[in-house]
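# Breakdown of the fold
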Amino acid sequence: MRRRVLVAAAALLAAGALVAVLVAVLSGGGEREQPSAPTTAPPTTAPPSPPAPPPPLPAPQGTQIGMNVNRLFNDRTDSPQRIDELLTTLRASGVTLARSDVLWEIAEPEAPGPEGVHHYDWSFADGVAGALARHGIQWLALVDYATPWSASVPGNTHSPPRDPADFGAFARAFAERYGRGGAFWAEHPDLEATPVTTYEIWNEPDLSIFWAPGPDPGRYMDLYVAARDAIKAADPQARVIIGGLSNAPGFIPQLFAARPDVRGQLDGVAIHPYARTALGVLDVVRRSRRALVAAGVPDTPIYVTELGWVTHPRTSLKYAPPGQRARDIHDSVASLARVDCGVAAVVVYTWVTPEKDPADEEDWFGVLHPDGRPSAASRAFDSAVGTAQSAEGGRAGPIRLCGSA
């Protein structure tokens, strides 16, 4: 507002000077004096336009297969030695990509001081980065959630932060530490640098359990843009993707209706195509691609950052008997690696869960048994990774599913 007032005042001064000159020239009587050269106001300078957001990166080649490992770190029940053993088993399957939470609330539990300086505790994230790097596994970083001091719903860190700029500041600091050329890698020369290159912004923002009190497409897009701009300032080659959508075909149109200007700023959209069967998973992926085409972003890569089934309880919509679950994991992973839908990654949910409470489905997603014993699902996953890698190496033809969408 202040800048507009100054520009308007300059315009008025310039107009006044011009009027004065015209009056002097046109006034009659006596010997006409030569008017002095008119004094012109200095040219006004338009305020600089904000820099254009960096364009999206080209779609990655091929499809990466990965695994969620969030419970290994978030539960804080496993020792570093135990985590190392479970990651060794995962790496033996051929996986080189793992998705896990960043958890802003742990890194910055206290609000910035009076001068707005942020202070971060990186001990939790250091543990994740180091454990994965020791096994040659790259971190697909799920940048989430709010902190107690920033949450728009008091006491609920699954509500969006009041100020996206605070979230952006954290996202940039995280990228500067764990991304390309990050400080963490300089501090740990004993580790082979495995920088974060893909950042997923929030988890399932189309569900009220993760975006309280209820989904808000416009507000989510504001958060995404703030995070993307901040991360790109640290690493212009980073991929910053929309957080995994539970109902991607339905929510994608809402995102672009709220912020159509974001069409040229997407590096990818993450989706969570949970379904009763592998065929159901493929159907959600196909409909998600159609939604992206209809939204005007037909070439945006899809990242399947969660899919899976549980073995308890039977009442869960994600329930499948062990044998069926194994077949669905194999078929969905192997197929998604070859479909013509622009799938950049397939990340199964999740490597290990406690297997304790038969009434809690979250305890039964684990592909591997918590004591490290293989299961029908883990063997099926190993086979699917091998099938996907063989197909890519042999350049097997794509499976026509999306076509021209």
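So, here's what we can say about the structure.

What counts, and at which threshold
- Residues numbered from 1 in each chain as written.
- Predicted model: local features only at pLDDT ≥ 70, side-chain atom pairs only at ≥ 80, totals over all residues.
- Heavy atoms only, no water.
- Disulfide = S-S within 2.5 Å.
- Helix = DSSP H or I, 4+ residues; strand = E, 2+ residues; numbered from the N terminus.
- Buried < 20%, exposed > 50% of the residue type's maximum accessible area, 1.4 Å probe, protein only.
- Salt bridge = Lys/Arg side-chain N within 4 Å of Asp/Glu carboxyl O.
- Polar contact = N/O pair within 3.5 Å; in protein donor to acceptor, adjacent residues only side chain to side chain.
- Pairing = 2+ DSSP bridges.
- Axes fitted to C-alpha atoms, helices over the stretch in contact; angles between N-to-C directions.
- Contact = heavy atoms within 4.5 Å.
- Phe/Tyr/Trp six-rings, centres within 6.5 Å; stacked < 30°, edge-to-face > 60°.
- Lys NZ or Arg CZ within 6 Å of the ring centre and 35° of its normal.

The final tally for this structure, using the stated rule, is one disulfide. Put simply, C341 and C402 are joined by a disulfide, and their sulfur atoms are 1.9 Å apart. Since a negative S-S torsion denotes a left-handed disulfide, the C341-C402 link at about 95° is right-handed. Here C341, found in the loop between α11 (322-336) and β8 (343-348), pairs with C402, found in the segment after α12 (376-393); they are 61 residues apart in sequence, far enough to count as distant. Given the relative accessible area of 8%, C402 is considered buried.

This part is about the pattern of salt bridges. The full count for this structure, using the stated rule, is 17 salt bridges. Several salt bridges converge on common partners, so that one network encompasses R71, D75 and D363.

Along the polypeptide, D267 turns up in the loop between α9 (248-258) and β6 (269-271). Given the relative accessible area of 0%, D267 is considered buried. A distance of 3.0 Å separates a polar side-chain atom of D267 from the backbone nitrogen of L57. A polar side-chain atom of D267 sits 3.4 Å from a polar atom in the side chain of R228.

Taken together, eight strands build a closed barrel; the order of strands is β1-β2-β3-β4-β5-β6-β7-β8 and the barrel is parallel. Here the average twist between neighbouring strands, direction ignored, is 30°. The pairing of strand β3 (residues 138-143) with strand β4 (residues 198-201) spans three bridges and is classified as parallel. Each bridged residue has a counterpart across the sheet, and for L142 the counterpart in β4 is E200. Against the sheet, α11 engages β1 (64-68), β7 (302-304) and β8, with an angle of about 160° to β8.

Before going further, it helps to spend a moment on helix α5 (residues 123-133). Of all 11 residues in α5, nine are buried, a share of seventy percent or more. All of the buried residues in α5 are F124, A125, D126, V128, A129, G130, A131, L132 and A133.

Further remarks concern the packing of aromatic side chains. Tallying each qualifying case throughout the model produces 23 aromatic pairs. Measuring from ring centre to ring centre gives 6.2 Å for F174 and Y199, while their planes differ by 85°; the resulting arrangement is edge-to-face. On the criterion of sequence distance, the pair formed by F174 in helix α6 (residues 164-178) and Y199 in strand β4 is long-range, its members being 25 residues apart. You'll find F174 and Y199 in the same group, each marked buried. Over the ring of Y274 we find K318, and its NZ or CZ is 5.0 Å from the ring centre.

Bear in mind that shape data such as this cannot, by itself, settle questions of function.
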